[in-house]
Amino acid sequence: QFSVSNVKLAGDLIVDESELRKLIPIQDGDVFSRKRLNSASNSLSDRLGVEGYAFANVNAVPDIDEVNKSVSLTFFIDPGSRIYVRRINISGNEQTEDEVIRREMRQMEGAWLSPAKLERSRIRIQRLSYLSAVNIDSTRIGGSSDQVDLDISVQEQPSGSLMVGIGYSDGQGMMLNASVSQNNFLGSGEKVTAEINTSSVNTVYSFSHSDPYYTLDGIS
């Protein structure tokens, strides 16, 4: 069993060293753990990704002391180039308008690539009830070391429903109910519902229309 004698950071840190050290769950004197070593490398890579260095390399190099059963760890950081998004391409939306998917994106074209914003974008798109699957891939641009295209592929699913009901009560007699609903009306992402409830006492017609992006800020 080996213990950690010290932890060092080297290379082009980009981010303040004190902030990076907080992401390393390894302290001097701890028992060496390969799991925590990998976790630290991933955390450092993710933090550099927030600054747009999406393809940063973080290598943990151990210096082993067999006599004292200790290991000195050095995290070498190579951020590489800051990566920018040139274009966002969307495919698979045969019914849904391109804008309906694009407005859920938190990663913008022309901005540097942020893994956190990319994941947030994927979650927001996945939450759309008329899509069953979302996949986002990045493609490097030939002849450019700092640009990528984002390719978003989606899979649509049925977004409409039809319901019919029948019942009976002493007060209203025979009751009939029918409704039709479409959560992605004409591919606009808007919800439209028409319903009728009828009995021997009364008849009620109802119609509803919901626009989730009545304003550009997403007020419905």
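Before any of the text, the structure's been laid out above.
Residues numbered from 1 in each chain as written. Predicted model: local features only at pLDDT ≥ 70, side-chain atom pairs only at ≥ 80, totals over all residues. Heavy atoms only, no water.

*Asks:* Mind showing me how you'd approach the sheet that holds strand 5 (residues 131-140) here?
*Replies:* Whenever strands of a sheet pair, they do so through backbone hydrogen bonds, lying parallel or antiparallel. The mixed open sheet is built from three strands, whose spatial order is 4-6-5. Of all the strands in the sheet, the pair left with one neighbour each is strand 4 (84-91) and strand 5. Within this sheet the neighbouring strands show an average axis-to-axis angle of 20°, counted without direction. With nine bridges connecting them, strand 5 and strand 6 (residues 147-156) associate as antiparallel partners. If you follow Asp137 over to strand 6, its bridge partner there is Asp151. (Pairing = 2+ DSSP bridges. Helix = DSSP H or I, 4+ residues; strand = E, 2+ residues; numbered from the N terminus. Axes fitted to C-alpha atoms, helices over the stretch in contact; angles between N-to-C directions.)

*Asks:* So what exactly am I meant to see when it comes to the sheet that holds strand 3 (residues 70-78) here?
*Replies:* Strand order in the open sheet formed by three strands is 1-3-2, with mixed pairing between adjacent strands. The strands lining the two open edges of the sheet, one partner per strand, are strand 1 (3-11) and strand 2 (57-65). Along the sheet, successive strands turn relative to each other by an average axial angle of 20°, direction set aside. Pairing geometry for strand 2 and strand 3, over nine bridges, is antiparallel.

*Asks:* Looking at this model, I keep getting lost on the pattern of salt bridges. Mind explaining?
*Replies:* If charged atoms from side chains of opposite charge come close, those side chains can pair. For the coordinates displayed, the defined rule picks out 10 salt bridges. Residues Arg47 and Glu19 are paired through a salt bridge, measuring 2.7 Å at the closest nitrogen-oxygen approach. A residue pair is termed long-range when its members are at least 10 positions apart, and Arg47 in helix 2 (residues 34-50) and Glu19 in helix 1 (residues 17-21) qualify at 28 residues. Among the residues examined, Arg47 registers a relative accessible area of 17% and is labelled buried. When its relative accessible area of 32% is taken as the criterion, Glu19 is described as partly exposed. A salt bridge links Glu66 to Lys69; its shortest N-O distance comes to 3.7 Å. (Salt bridge = Lys/Arg side-chain N within 4 Å of Asp/Glu carboxyl O. Buried < 20%, exposed > 50% of the residue type's maximum accessible area, 1.4 Å probe, protein only.)

*Asks:* What is the right way to read a nonpolar patch on the surface from this model?
*Replies:* On the surface, a nonpolar cluster with roughly 480 Å² of combined accessible area is contributed by Ile166, Tyr168, Met174 and Leu176. Only strand 7 (160-169) and strand 8 (173-182) provide two or more residues apiece to the nonpolar patch. With respect to the secondary-structure elements, Tyr168 resides in strand 7. (Patch = residues over 30% accessible without salt bridge, like charges linked within 9 Å, V, L, I, M, F, W, Y side chains within 5 Å. Areas by Shrake-Rupley, 256 points an atom, 1.4 Å probe, with all protein chains shown as cover.)

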